[in-house]
Amino acid sequence: MQANPAPRKTLLIDRDGTLIHEPSGTFQVNSLEELRLLPGVITALHRLSCAGYDLIFVSNQDALGTAQNPRENYEYLNDKLFALLGGEGIEFAAVFTCPHIPADGCACRKPGTGMVDAYLRRKPLLLSDSFMVGDRGTDGRFAGNLGIPAFLLDSETHPDEDRTLSVEQKLWTWPELAHYILQRPRCSRLARKTKETDISIELNLDAPDGQGRYQIATGLHFFDHMLEQLSRHGGMDLSISCKGDLEIDAHHTVEDVALALGQAFADALGDKRGIVRYSWERVLVMDEVRCEISIDLSGRPYVVFDADFPRPAAGDLPTEMVEHFFVSFCSAAKINLHLHCHSGHPDHPGKGLKPNTHHMVEACFKALARCLKDAVRREGTGISSTKGLL
Ligand SMILES: [Mg+2]
Ligand SMILES: [Zn+2]
């Protein structure tokens with residue numbers, strides 16, 4: 001049995017009026033003199049291609065192969081266009097052209113999806129991270145039929161296209177849409193229900209002003225307080241609601257929230273392209289407590305957790321569940337974490353300092369928050385690994 005192919009980040013791209021100017025009057029590019037790229041196309045496609053998007057060419061070419069639209073001419077111009085883009089490292093993974101006219105009633109003409117259906121069965125779209133770029137309503141409806149958003153370009157020949165079909169109901173330029181795609185907030189949403197807990201989470205790793213906003217209700221007040229630290233100091237918007245079997249104890253609630261949050265974190269990060277990945281030797285102090293932490297968003301979960309809490313609970317949170325939270329979160333988010341939390345300096349232990357349990361637990365969560373904020377920061381487009389995968 002064949003495994004399901006992995007969904008891919010994909011951009012489907014129209015030609016006329018999108019990659020190249022569409023002459024007014026004829027709406028057909030007939031000569032090399034008429035072949036002019038839209039402003040910003042090369043830089044935008046280069047950035048998007050480096051960010052890991054497959055580029056697919058999809059064009060309706062009315063009556064292609066007839067005297068009205070000779071095929072040799074079309075292919076001559078396309079070859080020039082592809083050579084121009086290829087010289088800048090921009091390659092199309094596939095090229096699709098519908099040669100029909102509306103009266104033919106073909107299945108391939110946009111907004112129909114017949115051109116791409118077979119291809120997308122082999123290389124399915126990652127629906128959360130794929131887009132159509134075009135300049136007409138047909139492109140917008142084509143995107144709708146594929147279940148992805150469309151960016152419609154601000155076109156000189158079709159200024160009145162239906163912009164309600166376009167992302168944010170506006171017409172775009174290439175630099176704008178590349179920026180939007182590459183810098184849009186990394187979000188995820190997750191619901192997880194078992195016999196023991198019923199959890200829903202919304203996460204945005206890129207809180208607008210770097211100040212995480214939160215709405216957290218797990219039924220455990222101290223745990224809520226800790227998750228709020230994660231949001232605020234991690235610069236992530238976070239809403240969590242959990243209805244758990246607290247009549248038994250705190251175990252399932254803490255464990256399942258940790259697993260769900262770890263999964264939401266991994267979902268929001270996606271393929272981790274362009275992120276810093278590491279945060280190391282951060283030391284967070286809270287009064288007498290010193291918490292040293294390093295993380296690697298390596299894709300290989302491994303946790304060293306070194307903290308002896310003097311009291312069995314902080315508020316309504318049993319302290320044994322703190323380590324369990326870190327292990328569960330890191331296992332679901334596939335994070336490698338080392339944490340050492342003590343009073344004073346590890347080379348000078350004791351010194352009569354008895355650490356405060358509340359301080360210790362809070363320091364662990366705040367330190368994790370700061371590390372995550374460091375490590376998820378976007379600084380480029382590549383994958384920070386020689387393996388090409390994280
Ligand atoms: Mg077009
Ligand atoms: Zn067709």
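Residues numbered from 1 in each chain as written. Chains lettered and ligands numbered in written order. Predicted model: local features only at pLDDT ≥ 70, side-chain atom pairs only at ≥ 80, totals over all residues. Heavy atoms only, no water.

Caption draft 1: Structural view of the packing of aromatic side chains. On inspection of all chains with the given rule, the structure shows 15 aromatic pairs. Considering the side-chain rings of F57 and F82, the 5.3 Å spacing of their centres and the 80° angle between planes classify their relative orientation as edge-to-face. Linking F57 in strand β2 (residues 54-60) with F82 in helix α2 (residues 71-86), this pair joins segments that are 25 residues apart in sequence. The class for F82 is partly exposed, based on a relative accessible area of 22%. Connected via pairs of aromatic rings, a cluster forms that spans F223, F265, F305, F325, F326, F329 and F365. Over the aromatic face of Y53 sits the side chain of K9, whose NZ or CZ is 4.6 Å from the ring centroid. The aromatic ring of W172 is capped on one face by K170, whose charged end is 4.3 Å from the ring centroid. (Phe/Tyr/Trp six-rings, centres within 6.5 Å; stacked < 30°, edge-to-face > 60°. Helix = DSSP H or I, 4+ residues; strand = E, 2+ residues; numbered from the N terminus. Buried < 20%, exposed > 50% of the residue type's maximum accessible area, 1.4 Å probe, protein only. Lys NZ or Arg CZ within 6 Å of the ring centre and 35° of its normal.)

Caption draft 2: Here's a closer look at the coordination of the magnesium ion (ligand 1). In the first shell of the magnesium ion (ligand 1), the protein supplies D14 (OD), D16 (O) and D135 (OD), at 2.1 to 2.2 Å from the metal. Residue classification places D14 among the buried positions, given a relative accessible area of 6%. (Donors = N, O, S within 2.8 Å, 3.2 Å for Na, K, Ca; no water.)

Caption draft 3: Representation of the coordination of the zinc ion (ligand 2) in the model. Protein-derived coordination of the zinc ion (ligand 2) comes from C98 (SG), H100 (ND1), C106 (SG) and C108 (SG), at a distance range of 2.0 to 2.3 Å. The site at the zinc ion (ligand 2) holds four donor atoms, and with the angles between them running 96 to 119°, its shape is tetrahedral. Ordering the donors of the zinc ion (ligand 2) by residue number gives the pattern C-x1-H-x5-C-x1-C. C98 sits in the buried class, given a relative accessible area of 0%. Assessed through its relative accessible area of 22%, C106 is described here as partly exposed. (Tetrahedral: all angles 85-135°; square planar, octahedral: opposite > 155°, others 65-115°.)

Caption draft 4: Structural context of the domain arrangement of the protein. Along its sequence, the protein is carved into domain 1 (10-183) and domain 2 (187-376). Its C-alpha centre places domain 1 at a distance of 44 Å from the equivalent point of domain 2. (Domains from an automatic or database assignment.)

Caption draft 5: Representation of helix α7 (residues 251-269). Compared with the 27 Å implied by 1.5 Å per residue over 19 residues, the 27 Å span of α7 between its first and last C-alpha is a close match. A large share of α7 lies buried, amounting to 14 of its 19 residues. Backbone geometry just after α7 places G270 at a positive phi near 60°. (Expected span 1.5 Å × (residues − 1).)

Caption draft 6: Spatial organisation of unusual backbone geometry. Residue P111 is bonded to the preceding K110 through a cis peptide linkage, with omega at 15°. Examined against the element boundaries, P111 turns out to sit in the loop between β3 (94-98) and α3 (117-122). Look at Q169: it is not a glycine, yet its phi comes out positive at around 50°. Of note in the backbone geometry, R277 takes a positive phi value of approximately 80° without being a glycine. Residue placement: R277 occurs in the loop between α7 and β11 (278-286).

Caption draft 7: Spotlight on the pattern of salt bridges. All chains considered together, the criterion is met by 20 salt bridges. In this structure, R189 and E202 form a salt bridge, with 3.5 Å as the shortest nitrogen-oxygen distance. Residue R189 is located in strand β7 (residues 187-193), and its partner E202 is located in strand β8 (residues 197-204); the two are separated by 13 residues in the primary sequence. When its relative accessible area of 65% is taken as the criterion, R189 is described as exposed. Owing to a relative accessible area of 38%, E202 belongs among the partly exposed residues under this scheme. For the salt bridge of R273 with D271, the shortest nitrogen-to-oxygen distance reads 3.6 Å. Bridged by salt links that share partners, the residues K9, D271 and R273 form one connected network. (Salt bridge = Lys/Arg side-chain N within 4 Å of Asp/Glu carboxyl O.)

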